[in-house]
Amino acid sequence: MPKKKQKKWSKHVTETSNALDLEKDVFRSHDPEEIARSLKHSAEESDRRKSNPFRSAMSMLNFYINRAGKNLPKKQKKVLEDAKGELRKDFGRDPK
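Residues numbered from 1 in each chain as written. Predicted model: local features only at pLDDT ≥ 70, side-chain atom pairs only at ≥ 80, totals over all residues. Heavy atoms only, no water.

Asker: Looking at this structure, I do not really get the overall build of the protein chain. What am I missing?
Answerer: Tallying secondary structure elements over the protein chain gives four helices and zero strands in all. Ordered by position from N to C terminus, the α and β elements of the protein chain give α-α-α-α. Residues counted as buried form 39% of the 96 residues belonging to the protein chain. For the protein chain, restricting intrachain contacts to residue pairs at least 6 apart in sequence, the fraction spanning at least 24 positions comes to 64%. Of the roughly 7300 Å² that the protein chain leaves accessible, carbon and sulfur atoms contribute 48%. (Helix = DSSP H or I, 4+ residues; strand = E, 2+ residues; numbered from the N terminus. Buried < 20%, exposed > 50% of the residue type's maximum accessible area, 1.4 Å probe, protein only. Contact = heavy atoms within 4.5 Å. Areas by Shrake-Rupley, 256 points an atom, 1.4 Å probe, with all protein chains shown as cover.)

Rendered as structure tokens:
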């Protein structure tokens, strides 16, 4: 019996989220500031999000880290974790 290709629901959510229109390959950047800036822009421009822009942007970043995290190289996971701090800074929140 031939193997059925498994579809990644998390990829589908990242690409077709009803909350944010993400810049293509935003999570592949190696610059935490660029990732945060892009997420902030997407969240502020979205008229479909159900929460405030900061929360929507942080949720999408956490979603990606949690779903792709086990397959990410440590270096890229660190970049994404650093992007959380940059996102907090961009929105005027206290960095952790």
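Next comes the rest of the write-up.
Asker: Explanation requested: the nonpolar core in the structure shown.
Answerer: The nonpolar side chains of a soluble globular protein tend to be buried with one another. Among the nonpolar cores identified, the biggest contains 22 residues, and F27, I35, L39, L61, L80 and L87 are the most heavily contacted of them. It is helix α3 (residues 53-68) that provides the largest number of residues to this core, a total of nine residues. (Core = buried A, V, L, I, M, F, W, Y, C linked by side-chain atoms within 4.5 Å.)

Asker: Is there a simple way to explain the pattern of salt bridges in this structure?
Answerer: One side chain can pair with another of opposite charge once the charged atoms of both are near each other. Applying the stated criterion to the full structure yields five salt bridges. D25 is paired through a salt bridge with R28; the nearest N and O atoms lie 3.6 Å apart. A salt bridge links K84 to E81, with the nearest nitrogen and oxygen atoms 3.3 Å apart. With a gap of three residues between them, K84 and E81 both fall in helix α4 (residues 74-90), about one helical turn apart. Its relative accessible area of 14% is what places K84 among the buried residues. Residue E81 is classed as partly exposed on the basis of its relative accessible area of 33%. (Salt bridge = Lys/Arg side-chain N within 4 Å of Asp/Glu carboxyl O.)

None of the figures reported here should be taken as evidence of function without further support.
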